Structure formats: structure tokens, C-alpha cells
Amino acid sequence: MSNRAFNFCAGPAALPEAVLQRAQAELLDWHGKGLSIMEMSHRSDDYVAVAEKAEQDLRDLLSIPSNYKVLFLQGGASQQFAEIPLNLLPENGTADYIETGIWSKKAIDEARRYGNVNIAASAKPLDYLDIPAQSEWSLTPGAAYVHYASNETIGGLEFDWIPQTDAPLVVDMSSDILSRPCDVSKFGMIYAGAQKNIGPSGLVVVIIREDLLGRARASCPTMLNYKVAADNGSMYNTPATYSWYLSGLVFEWLKEQGGVAAMEQRNRAKKDRLYSFIDASAFYSNPIKPSARSWMNVPFRLADERLDKAFLAGADARGLLNLKGHRSVGGMRASIYNALGQDAIEALVSYMAEFEKENG
Ligand code: PMP
């Protein structure tokens, strides 16, 4: 029995215990080779096989069509905010962006450094409690692409639908990738920082349709050029080898669990339990419209914020870690990614009920 806590951190987030155990078992002597995978050349046959298997498992999990490249890059999701316009936005072109919270806003601010950005829709007039319907968006004819964040990790606002656009759809899926099935063919490009549902930080996964490669502007740094990365199997330089390996272990674990369809069932049950508890309580609240509520990041508030500190201290004492909301919004947030099971939700709900009884 392990005495690991329930970790509700938004990222770097909980990893499956079985994955950590396997990494531990393989750490000093990977498959009898006498060295750690961390100490191995990224060009060795052994490492390349590990890297390729990770890619294939991800392709299997998301049924990624063969006309898409899968890239394992560095710089996190934030670097993609610049990389996307450098690769996909011609200097005199326009890109459409949908603003639904802090991360999509960061993507917008960065893209503006490189070209013309049209905010085609914003959740601001809805107080970030709902996602504007596509019928209200003002998309630019001939836009280079349309960018949105499918799940706002801080605000807890998630699309439960895929926009339909003429321009290639580019999506920041950092915090909801692999949480349920998604139709990759609807997107020009999907990207996700690894440290939530994929693996350790240090890696960002990019899934890009092949016809979008080779459009980078001349000034795009070589290291940020998707085509260069694709042509070199994401090994133009030394990749984040350990993060890539560990992500591969997570993909194997996901397949063993029944893949993203099984995750969807599990995640639906988890979020339903937590939101219905919050909704039934007069002490806790989450004002987001139910259809736009995040499955992975559940922000909530206590009736009296003066109790926040005591709530967090009590949670910590019970091994319910990292429930503090993002510093920009306060309150609480439970991030309940794939690695957390229903037992974590039950432990949280029972603590919340107890705290409400004592303080409500
Ligand atoms: N986009 C989203 C939706 C995120 O949640 C995050 C990180 N929390 C980022 C982008 C930035 O990721 P990174 O720290 O890997 O740059």
C-alpha cells in the first residue's frame, strides 16, 4: 500500500502510480542495458524505439489520421503561442482567436506581436461563465487559422463542442487532451503541454495536418519551425528524452485502462459527482453554465472566503493537496485529470461535507 496523497494540482499534475512505479523499476538499469534511459543517446536504436512507440500509442489512443504529424517539442504550451503565428500566419494575413479566459488571452497577446489578430468572440461579456455560441462569432473570411482553448484551466470553462470553420482550427488542448475521445480530423493543429494528462513538464505535443507544414515565415527560428521538427522526427536537436519516455509509459497505461473511451466514462462520473455535490450545497458554489463546465478543472468557492485558509489546511492534513485556486482568481480548484480516480473524488467530497457541517 502506498501512502501517496491525492494531488489536485493543475499542473504539473498527478501521474498514475503504476507509471511512477514502472519508471522507478527501470530507472537505474533500463531493460538490462546497464544504464538509465535518461543517460542514453536520443539517436540510439533503443531510445528511438521508445520514442516511436510513444508516438504510435498516442496515435492509437486518439485515432490520429495518417496525414497528421505528431511532434514532441519543448518550450511548453506557452512557446506555441508564438510558434503558431510564426508558422501559420503570413505577415499580411489575419488570424481569428476566441477568448474564453486567461490562456486564450495569453495566446492572443503573443500572436499580436507577429501579425493581425481578430478576436472573433469573447466570453468576457458572459463574465466567463459560458462560451459564446458560434452563431455569434465574427470570423474573418480567408483567415489563416482560428485559435481557441478547448479547456481554460484556470477559469474552468470548457467547450463541449468543436467549432466548424473554413480556416484551419488550431486548439490549445493542454488540459483536456486524452480526457475523452476527440475527432482529430476536425483540426488543423492540436497542441498540449504535457504536464497534465500526458506526462512530466518539459514537453509539448503538437499534432499537425501535413498541409500546414512548410508555411513558416522566413524569420521563424529554425528551432520553432514545425517542418524542420517534422522532417527530423522531433530530433532536430536533443529532445526532452525523459519526459518523452515517461509520456510513453502514460500512453501505455491509458491503453491498458481501455483508452480514451474508458477515460470519458470515468471522468464523466468524477465530474458529475463533484459538481452535483457543489450544486446541492449552499456553502460551495460554481457559477459556470453546466454545459460549459470543465471536466478536468473544477473551480469552486466557499460561502465565506475567510474560511479558505482553514479549508486548505484541513485538506492538506487529510492528504488532499493543491486545492488552492490560481493566484489570479482565488477560491479553490480541484484538478481531476486522468490519473485521479473516483476514490480521490470521494475523499474530497467527504472532506467538503465535513467542513461544511463544521463551518456552514
Ligand atoms: N494553455 C493552457 C490551457 C494551460 O493550462 C497552460 C498551463 N497551465 C498553458 C497553456 C501554458 O503551458 P506551459 O506552462 O506548458 O507553457
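In this report, we go over the structure that sits alongside the text.

Thresholds, definitions, all that
- Residues numbered from 1 in each chain as written.
- Predicted model: local features only at pLDDT ≥ 70, side-chain atom pairs only at ≥ 80, totals over all residues.
- Heavy atoms only, no water.
- Helix = DSSP H or I, 4+ residues; strand = E, 2+ residues; numbered from the N terminus.
- Rg over C-alpha atoms; globule rule 2.2 N^0.38 Å.
- Buried < 20%, exposed > 50% of the residue type's maximum accessible area, 1.4 Å probe, protein only.
- Contact = heavy atoms within 4.5 Å.
- Core = buried A, V, L, I, M, F, W, Y, C linked by side-chain atoms within 4.5 Å.
- Phe/Tyr/Trp six-rings, centres within 6.5 Å; stacked < 30°, edge-to-face > 60°.
- Expected span 1.5 Å × (residues − 1).
- Arc of directions from axis to C-beta.
- Near = heavy atom within 4 Å.
- Polar contact = N/O pair within 3.5 Å; in protein donor to acceptor, adjacent residues only side chain to side chain.
- Nonpolar A, V, L, I, M, F, W, Y, C, P; charged D, E, K, R; others polar.
- 1 Å grid on protein atoms, 1.4 Å probe; cavity = no way out; pocket = protein on both sides within 12 Å on 5 of 7 lines; lining within 4 Å.
- Points joined across faces, edges and corners; volume = space filled by probe spheres on them.
- Pairing = 2+ DSSP bridges.
- Axes fitted to C-alpha atoms, helices over the stretch in contact; angles between N-to-C directions.

### Here we look at the overall build of the chain
Part 1 of the argument: The secondary structure content of the chain amounts to 9 helices and 14 strands.
Part 2 of the argument: Compactness check: the chain gives a C-alpha radius of gyration of 21 Å against a globular reference of 21 Å for 360 residues, within 12% of the reference.
Part 3 of the argument: Projecting the C-alpha coordinates of the chain onto the three principal axes gives extents of approximately 60 × 60 × 30 Å.
Part 4 of the argument: When burial is assessed residue by residue, the chain has 54% of its 360 residues classed as buried.
Part 5 of the argument: Sequence separation of at least 24 residues holds for 66% of the intrachain contacts in the chain that already meet a minimum separation of 6.

### A word on the nonpolar core
Part 1 of the argument: Of all hydrophobic cores here, the largest spans 57 residues; its most connected members are Leu58, Leu62, Ile177, Leu178, Ile207, Tyr245 and Phe251.
Part 2 of the argument: Among the elements that line this core, the one with the most residues is helix α6 (residues 241-256), at 8 residues.
Part 3 of the argument: Ignoring any residue separated from it by four or fewer positions in sequence, one finds tyrosine 245 in contact with Arg22, Ala23, Glu26, Trp30, Ile37, Tyr47 and Val50.
Part 4 of the argument: Among the nonpolar cores identified, the runner-up in size contains 28 residues, and Phe277, Val298, Leu302 and Val349 belong to it.

### Digging into the packing of aromatic side chains
Part 1 of the argument: A complete count under the given rule lists 18 aromatic pairs for this structure.
Part 2 of the argument: Plain terms: the ring middles of tyrosine 47 and tryptophan 244 are 6.4 Å apart, the flat faces sit at 90 degrees to each other, and that makes the pair edge-to-face. One end of the pair, tyrosine 47, is in helix α2 (residues 45-62); the other, tryptophan 244, is in helix α6, with 197 residues separating them in the sequence. By the burial criterion, tyrosine 47 is buried, and tryptophan 244 matches it.

### Regarding helix α7 (residues 259-280)
Part 1 of the argument: Compared with the 32 Å implied by 1.5 Å per residue over 22 residues, the 32 Å span of α7 between its first and last C-alpha is a close match.
Part 2 of the argument: All of the buried residues in α7 are Gly259, Val260, Met263, Asn267, Lys270, Lys271, Leu274, Tyr275, Phe277 and Ile278. Looking straight down α7, one finds that the buried residues subtend no more than 155 degrees of arc, so they occupy a single side. Those residues of α7 that are exposed and aimed more than 90 degrees away from the buried face are Gln265 and Ala280.
Part 3 of the argument: Next to the buried residues of α7 lie α2, α6, β11 (284-285), β12 (297-302), β14 (332-335) and α9 (342-359).

### What to know about the site of the ligand
Part 1 of the argument: Neighbouring residues of the ligand: Gly76, Ala77, Ser78, Phe81, Trp103, Asn151, Thr153, Asp172, Ser174, Gln195 and Lys196.
Part 2 of the argument: Contacts to the ligand include serine 78, whose side-chain N or O atom sits 2.6 Å from an oxygen atom.
Part 3 of the argument: Here a nitrogen atom of the ligand sits 2.6 Å away from a polar atom, N or O, in the side chain of aspartate 172.
Part 4 of the argument: In terms of residue count, helix α3 (residues 76-88) provides more of the shell around the ligand than any other element does, 4 residues in total.
Part 5 of the argument: Taken together, the residues of the shell around the ligand sort by class into 3 nonpolar, 6 polar and 2 charged.

### Re the side chain of asparagine 267
Part 1 of the argument: Examined against the element boundaries, asparagine 267 turns out to sit in helix α7.
Part 2 of the argument: Once residues within four sequence positions are removed from consideration, asparagine 267 is found in contact with Ser179, Trp295, Met296, Ile336 and Asn338.

### Remarks on empty space enclosed by the protein
Part 1 of the argument: Scanning all chains against the criterion turns up 1 cavity of 30 Å³ or more.
Part 2 of the argument: One number sums up the size of the largest cavity: a volume of about 50 Å³.
Part 3 of the argument: In terms of lining, the largest cavity is formed by Ala14, Leu15, Pro16, Lys196, Asn197, Ile198, Val250, Trp253, Asn338 and Ala339.
Part 4 of the argument: Its residues assigned to classes, the lining of the largest cavity comprises 7 nonpolar, 2 polar and 1 charged.

### Considering the environment of leucine 126
Part 1 of the argument: Topologically, leucine 126 is positioned in the loop between β4 (116-122) and β5 (146-149).
Part 2 of the argument: Leucine 126 sits 26 residues away from threonine 100 along the chain, and the two C-alpha atoms are 9.6 Å apart.
Part 3 of the argument: Contacts of leucine 126, omitting those with residues within four sequence positions, involve Ile131 and Pro132.

### Points about the sheet that holds β11
Part 1 of the argument: On the basis of which strands lie adjacent, the open sheet formed by 3 strands has the order β11-β12-β14 and antiparallel pairing. Each edge of the sheet is formed by a strand with only one pairing partner; in this case those strands are β11 and β14.
Part 2 of the argument: Bridge count between β11 and β12: 2 bridges; the pairing is antiparallel. Residue pairing in the sheet places tyrosine 284 in a bridge with leucine 302 of β12.
Part 3 of the argument: With respect to the sheet, α7 is in contact with β11, β12 and β14, its orientation differing from that of β12 by roughly 20 degrees.

### Quick word on the sheet that holds strand β9 (residues 189-193)
Part 1 of the argument: Read from one edge of the open sheet, 7 strands run β2-β10-β9-β8-β5-β3-β4, paired in mixed fashion. Of all the strands in the sheet, the pair left with one neighbour each is β2 (68-73) and β4. The mean inter-strand angle of the sheet, taken between neighbouring strand axes irrespective of direction, is 20 degrees.
Part 2 of the argument: Relative to β9, strand β8 (residues 169-172) is paired through 3 bridges, and the arrangement is parallel. Looking across to β9, one finds that aspartate 172 is bridged to tyrosine 191.
Part 3 of the argument: In this fold helix α4 (residues 102-111) packs onto β3 (94-99), β4, β5 and β8, with an angle of close to 160 degrees to the strand it touches most, β3.

### Considerations on the side chain of asparagine 151
Part 1 of the argument: Relative to the helices and strands, asparagine 151 is located in strand β6 (residues 151-152).
Part 2 of the argument: For asparagine 151, a relative accessible area of 3% gives the class buried.
Part 3 of the argument: Polar contacts involving the side chain of asparagine 151 include one to the side chain of asparagine 297, which spans 2.8 Å.

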